[in-house]
Structure formats: C-alpha cells, structure tokens
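# Coordinate analysis (summary)
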Amino acid sequence: MSVVAQADTVAADAFQVTRSRQNVIWTGVAALAVVVLLALFPYLVYSGTTSLMVQGFIVLTLASMWNLLAGYAGLVSVGQQGFLGLGAYFVLIFALHGLSPFVALPLAAIGCGVAALPLWWLVSRLRSGYFAIATWVLAATLMLFIERFNSLGGGTGLPLPGFTGMSPRLLTADTYWAGLAVTVAALLTVYVLLRSRVGLVLTAIRDDEVAARSSGARVGLARLLVFVVAGIGCGAAGAVLAISQLQVQPSADFSISWTAEMAFAVIIGGLGTIEGPIIGTVVYMVLQQTLQNFNAWYLIILGLVAIVVALFARRGLWGLVDSRLNIRLFPVGYWLRSAWTGGAPVGGAPLGGAPVGAGPVDSGPVGSGTNPV
Amino acid sequence: MAWVNAIIQGVLTGGLYALFACGLSLMFGVMKVVNLAHGDLAVVAGYVGVFIITVTHIPVLWSFLIVVPVMAVVGYALQRTLIQSALNRSVLTTLIVTLGLSMVIENGLLQFFTANSRGIGAGLTLVTGSFSLGSQVELPYLLLLIFAVAVAVLLGMQWFLSRSSYGRLVRAVADDQEAAQLSGADYRHVFGIAAAIALGTVALGGLAFGMYSTLDPTAGTDTILLFAFVAVVIGGLGSLWGTLLGGIVLGVAQQIGAQINISDELLAGYLIFLVVLVLRPQGLVSRRART
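Since we're looking at a predicted model, the values are computed, not measured.

## Describing the overall build of chain B
- A tally of regular secondary structure across chain B gives 12 helices and 2 strands.
- Taken from the N to the C terminus, the helices and strands of chain B come in the order α-α-α-α-α-β-β-α-α-α-α-α-α-α.
- In terms of overall dimensions, chain B is globule-like: its C-alpha atoms have a radius of gyration of 19 Å, near the 19 Å expected for 291 residues.
- Considering only C-alpha atoms, chain B reaches an extent of 65 × 50 × 35 Å along its principal axes.
- Put simply, of all contacts in chain B between residues at least 6 apart along the chain, 74% involve residues at least 24 apart.

Right under this line is the structure:
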C-alpha cells in the first residue's frame, strides 16, 4: 500500500482532495427543499398532475437503475421489465393475502432483490449483447410462467384488491407519496452506492474495465451488487405501477417498452452520471406529453433522438451542461486541487472526460486515502 | 407417432431459426456487433417482398431474387454509415444505436402499414401442401424447402469463409483489424460485405417467416430476434453449424412443449435456453467459453 501512502503525502503537501467545489451541505439543503415541495404537491395541484408525476417517478426510478447497470457496471439489460412485472405481481400476491398494497410495496421490492440472485447466476455467464438478450429471455420466461397461474389472473391479470374503504383523494395522494418515496430512495441509494468503495470500483469499470480488473477491483462482486440493487429498484417501480394502475396485467407490466423508456431517458440525459436520468426523464415526459397524440411517431422520434445522441453527444444533455459549467449536483468523484492546476475532477467525470487522471489507477489510491463524509 | 411428428416438425422449424440466426452470428463473429435491429430488418425484407408481389404479380419465389440483393445493399449501406460510426465509438454505442434503429423500424412499419399481419404466398400448394409418411407424420413442403435453404446457406457461408479468397480476407479482418489494414485490406469495406451477406440471409429468413406464418411490425423483435439469439446461444457463439444445431434444439423443444400443452410452446423453448445456459454456457458446439 505504499502507493496509497505516497498519494496521501502528496495530497497533504501539494494537493487538496475534496468531493466537490461547493459545499455539499447546500446541495443537500436544496435537494431536501425540492423533496419537501414535491411532497406537498397533493395539497397544491390537481390529481391529474400528480398521477402524471407518478408516471414520471416510475420512469425516473427505472432510469436511475438502468443507468447504474449500463452506465457504471457495463451491463446493458433489455430485461429489466422482468423485475418491474415481478414487483407488480408480488404486490398482487401480498394483497390477495390481505395485506395493504402500500405495506406490500417494500416487501415486493425486497422479493425482487432476492429473485435477482438466482437470475444473476444465470445471466452473468454472458456478456455484451448476449447478456442483453439473456435478460430479455428471462423476462419473457417470467411472464409466461406467471401467466400459467390462474389464481393470479392468468394471461389477463387481476384488479388489485385492498383499496376498499379508501377515499379516491387519499388514494391518489398516497400513491403519489409512495412514488415519491420510491424515487427518492432510489436516487439516494445510487448516490450513496457511488460514493462508497463499490462506487469507486463501478466508476473504474465505467472508464476502463480491463484496467479496473488488472488493478484488482472486484468487478464481478460489484456487478452482482448492482444487479440486485437494480432488481430491487425496478421491482419497487413495478409495485408503484401496480398501485397506480389499480391492477396487474402481464403483457403491460412485462412489456419490453419499459426497457426502451428507461434506456432512452438515460441515453438522452447522459449515461454514467446521476444527473443524466433526471434530465432525461423530464425530457422524456415532455416529449411523451407533446407527442402522445401522434401514436407511433412519438416512438420513432424517440428512437432517432437516441441514435443521434448516442453518436454525436455521447454524454447526453447533462454532458453538454457539464462540459461547459463543470458542475455536479451529486458529487461522487473527487476534486484534486493544487496550486498550479486550480482544480480538476478525478475519477468523477463520465466516459473519460476528466483532464487529470480519470483512470481507475489514479482514482483508486486517492479514493482509499481520503474518506470525506 | 404424434411425438415423432412433433420432433420432425421441430427439426424442420429449426432450419427456419437457423436462417434467422446465421446473419446475427456472422456479424458478431466478424465485427463483434450485436445487431438488435436484426429481426426488424427481416420484417422489412418480408414487407418489401409483399409489396413487390402485390405490385408486379411475379411468382412468389421470383420476388426473392429482388428482395435478397436489395437487403444486401441495405446491409452494406447500414454498416458503412450507422453501424461503423457506432463501432468507432464503443460496443455500448452499437447496442444503443441498433436498439434505436429497431424502435424506429418497428414503429415506422406500424405507422405506415398498420398493425395488420400479412402473409406471403397464401394459398399456394408450396405453402399449404405436405406429404404424409404413415398416418401421423406430415412433412410440409414449405418447411422442407426452408430447411434445405438453411442448410444450403450455411454450406455456402462455410465455403465462402474457408475456401474463397475473399472469405480469407473476412477472416483476416475478423482476427486482427489493424494487421489486415496494414496488409492493404480496407476493413470497413470487408465489414460492409459481411453485413451485406448477413442481411441477405436475414432477408431469406424474413420471407420464409412470411410464408410459414404471418408478418406484423412486432414480429421482428418478439419472434425473429429473440429466437435467433436463443438459437445462437444454444448452439455456441460464432459457430455456423452450432447455429443450425441451436435452431433445431429450440424448434424441437417448442414442438414438444406444444405437444404437452399448446400454450407451453414458447415457455419450453426458453426453458431449454436456460438449461443450456446453466449446464453449458459456452453453447453446445463452441469450445471457447464466454466472449
């Protein structure tokens, strides 16, 4: 560990290593204010707006999870709708046994996390596009399997029980809060995960997998963790979906179009950043609301936009913002400041965009040497 | 005898799946591209076929002579433009770009040609006819033809890659792009040729599927792409004859599943895929594990 020691001495002498330029507390306060404001929405706006926002919460949760998979762990999954559907069906199963769907939500999410373990064992044998298709086959298999149970509604699905006696207004508000809670939890998990040691490994995989492996990063373990977390997140989103729709339906809950939505929100917003999925979801929802009367055109345009962004603006919309202003709403990297460079992000800039030492070899010692809050 | 019939049908449909899969296998083998728009391009080929037949009234099989070269040209153009520029960036970009392309094609077909399903050559003896072996076993002419075509295509690809001088070039580029480039081979052109061949075969697959079943905008991803991938993974990545074997295994599993319970056809196919994934992740034929 002499490298670490060296980095420490150097850091102490000539460099200052911080998580971000601004005080993180202010970002935290701002984020808290936004969450509080959002939590007050059911009192402020019409229920049409809140149910639209629940849709947005579902997409944002899914997008953050897909970003964690594809943007950091290098796992392009086309089968996350499998966890979405599984989450919805877990809620149904618990509700059929008399549990309130809102209580069933966290249980369903945990159930999806448990289910992710054997599924990871199956799909982790394949890489790249073959991994993508294997996840898809898994999702299709899960759907066909669930359709066999007539007690769960077979191929047509069932209405979700457990809402009797709730006033419609309270139900809408509760659904909204559930969606908000799931989204905040998802973003917080992603943020904490990426600031941890595992996050360092994930950032290293994102930047250069071979280099990460050769520096001794436990790539397989980090991937397993991400797959399970993404399973939990997508399952929770599926549970929110079931509650907001008041029913489960296999073909709708296991639809491949969910994966298209989450992928495109991430790609348009910016792959491999926490901020990207948020911007991408906003853009996605705006596009969806403006173009929804044009049927298939909306998906054609979405597909074209994704191709153009993937080819010409690889870091997405957030990348465009970031490259000009160099800001982080969620600082997960490190800033290395010295007398002569002023300050440059280390291991935090997406897709090799950092001018100084973006490689995992550099950020490793720096990261393990200093552990700010 | 019903079981024997199911197995024979399964083997024959395996030929169709191999036809879907061999282009995918070739593109992955040569340029490491996993083309997620593969199935949609097959559906496009089928729609072009339907269009040509309704406009010109030429015999069904003659239309193949137009559609296959047209799709080959499309493949070359697609590789030289979209896929190559995605390849220059990263593997992830090729996945995203082909996923986007798949979405554009699928919804484009939906927008311009509605969700109605279309068949090719309905009512022809070739499509509906069959001859019987004994009382239970039926051999449809169409499936026999498709199987024969699949074997012929695979033999042709095998011969092209291992014997012809251009095939040697393709293998050289697949092995080491830069070394081949230094020796004077333009790897982009070679990639284009490989994509042209891949799309030629997938055009055959799309047309065959249109005759065997019906085409609709979602068939490309729901059926063709998924079955093609399953066949490739079962058979073993990058092995042409493994692809045929994978297709046959998938076809037989589906037919046996359907024999048990008509709604279990798809489930049986996916389960055999998962079993292969557990027991032999490198596929039945390939010796190299993982890529």
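There's more to say after this.
## Quick notes on the overall build of chain A
- What chain A contains, in helices and strands, is 17 helices and 5 strands.
- Look at the contacts in chain A between residues 6 or more apart in sequence, and 75% of them connect residues 24 or more apart.

## Some details on the interface of chain A and chain B
- On the chain B side, the residues contacting the 34 residues of chain A number 36 residues.
- Breaking the side of chain A that touches chain B down by element, the ones donating at least two residues are α7 (128-147), α13 (257-269) and α15 (296-312) of chain A.
- With 12 residues, the top contributor of residues to the side of chain A that touches chain B is α7(A).
- In terms of residue class, the side of chain A that touches chain B is built from 26 nonpolar, 5 polar and 3 charged.

## Some words on the environment of Ala115(A)
Residues and elements named next belong to chain A.
- With respect to the helices and strands, Ala-115 occurs in helix α6 (residues 101-123).
- You can call Ala-115 buried: it has 20 C-beta atoms within 10 Å.
- Sequence separation between Ala-115 and Thr-290 is 175 residues; the distance between their C-alpha atoms is 37 Å.
- Ignoring sequence-local partners within four residues, the contact set of Ala-115 consists of Leu-86 and Gly-231.

## Observations regarding helix α11 (residues 240-260) of chain B
- Here α11(B) contains 21 residues, and its C-alpha end-to-end distance of 31 Å stays within 8% of the 30 Å for a straight helix at 1.5 Å per residue.
- The buried fraction of α11(B) is high, at 15 of 21 residues.

## Observations concerning α6(A)
All names here are of chain A.
- With 23 residues, α6 extends 31 Å between its outermost C-alpha atoms, agreeing within 8% with the 33 Å of an ideal straight helix rising 1.5 Å per residue.
- A maximum bend of about 30° is found in α6 at Leu-117, where proline Pro-118 lies one to four positions downstream.
- Buried positions along α6 lie against α5 (81-96), α7, α8 (168-195) and α11 (219-245).

## Let's talk about the packing of helix α6 (residues 141-162) of chain B against helix α9 (residues 187-212) of chain B
All names here are of chain B.
- As a packed pair, α6 and α9 sit with axes 11 Å apart at the nearest point and diverge in direction by 175°. The orientation of α6 relative to α9 falls into the category roughly antiparallel. Contact residues: α6 offers Leu-142, Ile-146, Val-149 and Val-153, while α9 offers Thr-201, Leu-204, Ala-208, Met-211 and Tyr-212.

## Considering the confidence of the model for chain B
All names here are of chain B.
- Here chain B averages 89 in pLDDT, while 98% of its residues score no lower than 70.
- Taking the mean pLDDT of every element in chain B, the minimum, 77, falls on helix α5 (residues 125-128) and the maximum, 94, on α9.
- Complex prediction metrics read pTM 0.83 and ipTM 0.87.

## A few points about the pairing of strand β1 (residues 130-133) of chain B
Residue and element names in this part refer to chain B.
- Bridge analysis of β1 against strand β2 (residues 137-140) gives 4 bridges, and the strand direction is antiparallel. Within the sheet, the bridge partner assigned to Leu-133 lies in β2 and is Val-137.
- From the end of β1 to the start of β2, which pair antiparallel, there are 3 residues, and Gly-134 there has a positive phi angle of about 70°.

## As for the confidence of the model for chain A
Residue and element names in this part refer to chain A.
- With 81% of its residues at a pLDDT of 70 or more, chain A shows a mean pLDDT of 81.
- Confidence, expressed as mean pLDDT per element, reaches its minimum in chain A at helix α17 (residues 360-369) with 34 and its maximum at α5 with 95.
- Low confidence marks residues 347-373, where pLDDT is under 50. Its contacts with residues over four positions away, or in another chain, come to 77 contacts.

Parameters at a glance
Residues numbered from 1 in each chain as written. Chains lettered and ligands numbered in written order. Predicted model: local features only at pLDDT ≥ 70, side-chain atom pairs only at ≥ 80, totals over all residues. Helix = DSSP H or I, 4+ residues; strand = E, 2+ residues; numbered from the N terminus. Rg over C-alpha atoms; globule rule 2.2 N^0.38 Å. Contact = placed C-beta atoms within 7 Å. Nonpolar A, V, L, I, M, F, W, Y, C, P; charged D, E, K, R; others polar. Buried ≥ 20, exposed ≤ 12 C-beta atoms within 10 Å, placed from the backbone. Expected span 1.5 Å × (residues − 1). Bend = angle between axes of the 7 residues up to and from the residue. Axes fitted to C-alpha atoms, helices over the stretch in contact; angles between N-to-C directions. Parallel < 35°, antiparallel > 145°, perpendicular 65-115°, else oblique. pLDDT = per-residue confidence, 0-100. Pairing = 2+ DSSP bridges.

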